[in-house]
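Residues per chain, in single letters:
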Amino acid sequence: MLKVVVAIKQILNPSGFTVNRRREKIFVNREEYIINPADLNALEMALRLKDEYDNMEVMALGLGPARVDDALREAIGRGADSGVLISDPALADLKTDTAGAARLIAAALKKIDDVGLVLCGTSALDSGAGELPGRLAEVLGWSLLAEVYKIDEVDDETVNVSQRAVRLEAGLPAILTVPRYANQPRYIYGVRAINAYHEGKVVTWGLEDLGLVPDDLEPLIRLGGRRFPPERALGTRLEGSLEEAVDSLVAQLKANELI
Amino acid sequence: MEDFEYLQALMGGEELPERITEHRDIWVLTDSGKEGLKVVNQARVLAETLGARVQVVLIPGGPLAACPEDKPMDKGIETSDLIAAGADRVHVSSGDIVLNGDAETILNGLSIYLEEVKPEFVLCADDWWGRGVVPRLAQRLGAGLATRCLEVSINESDRTLVAVRPVYEGEYYEVMNFSPHWPQMVSLITAPLSQPYLDRYRAGETESFVLDSSVTSGVRTLGDAKPPDCPVPLSQAAIVVAGGAGLGETGFQKLDTLASRLGTALSAAGASPCRTDRCRQAQMAGAREAFELGWIERDQLVDITGHKIAPKLYLALGIYGDVMHSASIKDAKFVVAVHADPDAPIFALADLGIVANPVEVIDRLLSVL
């Protein structure tokens, strides 16, 4: 049995808020959380392995407050076998950064034991950082294969993947990051989504379960505030006949040394 | 001259606290890509505030790997360019290290080297190999890291970095404060930065070092996969010509000609050393509707789910301009929009707009260019 763990981040749905640059405010119209889109691609890659091979166990791993449970149940509804939630009241006050998150997730992966593959999305839509997989690989000392768009073959010992223009092979356990263009995530069946709440198995681990103390997770960077990009000034419209407008366009582009 | 500037910075910056760490200087990690110069220039600005030196680790290679089949995109930068852009000392790695998909050897060499020299700050460009190396390097050095930043400055009260990074694809920015713990690392998005002025009279030193390559990686290369379709990624193209559903299929086919016409003009002007057709600096792209209609590949999609781009010139032809599209072209320097509908939201983003049938505009452009 090969354990495939998919790391899932829950983020605020960007369609649920609007940003007003002039007032420098974010208006949250609908506080709705979704699974980070690239993580869905990672989950899809894991589920395709499960379709292809008999001996795969797919686990969804989340980190955050209790609401992350919903994200894990959604993953189970899509086809994952079980979920692990790392959640602790102490974490909320700690404002831990990615380095801390990597330690937490690494500890959870060790506790799950005998993990073969870890799949992560290349980056999160909110922070866009893409920092976690690299840090995780270092904490665990496992191989990292970045931007893998296809898993060609996997057995108990090794995994063969296609990455950009090359095919690579690494020994297990390995961490893979999956970009958005890798695949198209499957749809979730309604009944399975509901059953995930009845039958789905999600365990919750706190700091004590993972053998960590808050001092281990002291953040190296903190959020200091928000800034807003400037509003764009209105441009000009070129009037006149089509010929005149295009000629004036070409002239202006040349004047600005753009062509 | 250097010493004078250094002293001046120290004297002028009396309010700067003493360094409370043995870590020193601003280190820039770069390959031979032109983006490295922009990062060196940013480091120079910080160095002036701090009274520190800018040291550069140059690992030759990079653009060659990005352009596998054709001629190399450009010769790559020389140490003299780095000094002209603001470096005080350039450390060139000698030896055959190839920047490919597997970063482990280079990572190991770099971390050994940096642990020895103890940098105070480390800057690098957010390119694709940087993305693979930097987070792991930060973990090895025990450093705080902010990736994909737009701006970086110094908090003068405690000599820590303040980095600004876009979140939700640039909807708004987050200001990240580093804790007083060194080294501190930042990777910068270089596309919105302009190429720095190169001061050919600046003095600097060059030395070569051997990157430790004793650790071989657990990752083996098996062979070639289907190479990426577009050697110059859309995000680095100088001109992007994009079309939407407003063009119709026949109109859309003319985009490619228009892009190559603009690209040829640019190459002739000496902006791009690479004149092979596949690597040209003007690229064709499309909006979501064009992708859904099957007119373009995913590589050419300009959208939140595709590429976020920052070209010098962006031509949106027959693109209505929904939020997903607008968000991905926010960093474009100059936007030209052509759409038949005068109320299309794309005009709100455009520096120049023409309300007309986009196909007729393409025909006219092709006849004048």
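Residues numbered from 1 in each chain as written. Chains lettered and ligands numbered in written order. Predicted model: local features only at pLDDT ≥ 70, side-chain atom pairs only at ≥ 80, totals over all residues.

Asks: Give a description of the overall build of chain B that names residues and reports values.
Replies: In terms of regular secondary structure, chain B is built from 11 helices and 16 strands. For chain B, buried positions account for 50% of its 369 residues. Considering only intrachain contacts with a sequence separation of at least 6, the fraction spanning at least 24 residues in chain B is 69%. (Helix = DSSP H or I, 4+ residues; strand = E, 2+ residues; numbered from the N terminus. Buried ≥ 20, exposed ≤ 12 C-beta atoms within 10 Å, placed from the backbone. Contact = placed C-beta atoms within 7 Å.)

Asks: Give me the overall build of chain A: which residues, what numbers.
Replies: Summing up its helical and strand segments, chain A has 8 helices and 16 strands in all. The burial tally for chain A puts 44% of its 259 residues in the buried class. Put simply, of all contacts in chain A between residues at least 6 apart along the chain, 69% involve residues at least 24 apart.

Asks: Kindly report on the pairing of strand E12 (residues 166-171) of chain A, identifying the contributing residues and their values.
Replies: Relative to E12(A), strand E11 (residues 158-163) of chain A is paired through 6 bridges, and the arrangement is antiparallel. Bridge assignment links Gln163(A) to a residue of E12(A), and that residue is Val166(A). Pairing between E12(A) and strand E11 (residues 219-224) of chain B: 5 bridges, direction antiparallel. Note on E11(B): the bridge partner recorded for Val166(A) is Asp224(B). (Pairing = 2+ DSSP bridges.)

Asks: So, the environment of Leu72(A): which residues are in play, and what are the values?
Replies: Residue and element names in this part refer to chain A. With respect to the secondary-structure elements, Leu72 resides in helix H2 (residues 68-78). Given 28 C-beta atoms within a 10 Å radius, Leu72 is considered buried. It is 8.1 Å that separates the C-alpha atoms of Leu72 and Ser82, two residues lying 10 residues apart in sequence. Leaving out residues up to four positions away in the same chain, Leu72 has contacts with Ile8, Ala60, Gly62, Gly83, Leu85 and Val202.

Asks: Describe the interface of chain A and chain B, listing the residues and the values that go with them.
Replies: Interface size is commonly expressed as the accessible area that is lost once the parts come together. Facing 60 residues of chain A, the contacting portion of chain B comprises 65 residues. With 9 residues, helix H8 (residues 242-255) of chain A is the single largest residue contributor to the side of chain A that touches chain B. When the residues that make up the side of chain A that touches chain B are grouped by side-chain class, the tally is 30 nonpolar, 15 polar and 15 charged. (Nonpolar A, V, L, I, M, F, W, Y, C, P; charged D, E, K, R; others polar.)

Asks: I'd love a proper account of the sheet that holds strand E14 (residues 313-317) of chain B, names of residues and values included.
Replies: Reading across from one edge, E16(A)-E16(B)-E15(B)-E14(B)-E12(B)-E13(B) is the order of the 6 strands in this open sheet, with parallel pairing throughout. In this open sheet, the two edge strands, each paired with only one partner strand, are strand E16 (236-237) of chain A together with strand E13 (282-286) of chain B. Strand direction decides the pairing type here: E16(A) and strand E16 (residues 352-355) of chain B, joined by 2 bridges, are parallel. From the neighbouring strand, Thr236(A) faces E16(B), where its bridge partner is Leu352(B).

Asks: So, the sheet that holds strand E7 (residues 160-167) of chain B: which residues are in play, and what are the values?
Replies: Judged by pairing direction, the sheet is antiparallel, and its 4 strands sit side by side in the order E15(A)-E8(B)-E7(B)-E6(B) without closing on themselves. The two strands at the open ends of the sheet, each matched to only one other strand, are strand E15 (221-227) of chain A together with strand E6 (151-155) of chain B. Recorded for the sheet is a direction-independent mean angle of 30° between the axes of neighbouring strands. Pairing geometry for E6(B) and E7(B), over 5 bridges, is antiparallel. (Axes fitted to C-alpha atoms, helices over the stretch in contact; angles between N-to-C directions.)

Asks: Could you give me a rundown of the confidence of the model for chain B, with the residues and numbers involved?
Replies: Residues and elements named next belong to chain B. Here chain B averages 80 in pLDDT, and 80% of its residues register 70 or above. Low confidence marks residues 63-73, where pLDDT is under 50. Its contacts with residues over four positions away, or in another chain, come to 27 contacts. Low confidence marks residues 268-279, where pLDDT is under 50. Its contacts with residues over four positions away, or in another chain, come to 22 contacts. Two summary scores accompany this predicted model of the complex, namely pTM at 0.77 and ipTM at 0.87. (pLDDT = per-residue confidence, 0-100.)

Asks: Now, about helix H5 (residues 132-140) of chain A: what can you tell me, with residues and values included?
Replies: Every α-helix winds through 3.6 residues per turn, so residues three or four apart in the chain are directed the same way. Residues and elements named next belong to chain A. Burial analysis of H5 places 7 of its 9 residues in the buried class, the great majority of the element. Among all positions in H5, only Leu132, Pro133, Gly134, Arg135, Leu136, Ala137 and Glu138 are buried. Gly141, located one to two residues past H5, shows a positive phi value of around 75°.

Asks: So what's going on with the packing of H2(A) against helix H6 (residues 190-198) of chain A? Residues and values would help.
Replies: Residues and elements named next belong to chain A. Close contact between H2 and H6 brings their axes to 8 Å; oriented N to C, the two are set at 125°. As far as their axial angle goes, H6 and H2 are oblique. Crossing of H2 over H6 shows right-handed handedness. In this structure, H2 uses Arg73, Glu74, Ile76 and Gly77 to contact H6, whose residues at the interface are Arg192, Ala193, Ala196 and Tyr197. Residues of the contact of H2 with H6, tallied by class, amount to 4 nonpolar, 1 polar and 3 charged. (Parallel < 35°, antiparallel > 145°, perpendicular 65-115°, else oblique. Left-handed = near helix turned anticlockwise from the far one by under 90°.)

Asks: Pulling in residues and values, what's your account of helix H5 (residues 104-117) of chain B?
Replies: All names here are of chain B. In this model H5 runs 20 Å from its N-terminal to its C-terminal C-alpha over 14 residues, within 8% of the 20 Å that 1.5 Å per residue would give. Turning to H5, its buried residues number three or more, namely Ile106, Leu107, Asn108, Gly109, Leu110, Ser111 and Leu114. Residue Lys118 follows H5 closely and has a positive phi angle near 50°. (Expected span 1.5 Å × (residues − 1).)

Asks: I'd like a description of the nonpolar core, backed by residues and values.
Replies: In terms of nonpolar packing, the biggest core is built from 123 residues, with Val6(A), Ile105(A), Leu119(A) and Val28(B) touching the most fellow members. With 9 residues, the top contributor of residues to this core is helix H4 (residues 98-112) of chain A. For Leu119(A), the residues in contact, after removing those within four places along its chain, are Val4(A), Val6(A), Ala42(A), Met45(A), Ala46(A), Leu176(A) and Val178(A). (Core = buried A, V, L, I, M, F, W, Y, C linked by C-beta atoms within 7 Å.)

Asks: How would you summarise the packing of H4(A) against H5(A) if you had to cite specific residues and measurements?
Replies: Residues and elements named next belong to chain A. Contact geometry for H4 and H5: axes closest at 9 Å, N-to-C directions at 55°. The angle between H4 and H5 falls in the class oblique. In this structure, the crossing between H4 and H5 has a hand that is right-handed. Seen from H4, the contacting residues are Thr98, Ala99, Ala101, Ala102, Arg103, Ile105, Ala106 and Leu109; seen from H5, they are Leu132, Arg135, Leu136, Val139 and Leu140. Here the contact of H4 with H5 is built from residues that sort into 10 nonpolar, 1 polar and 2 charged.

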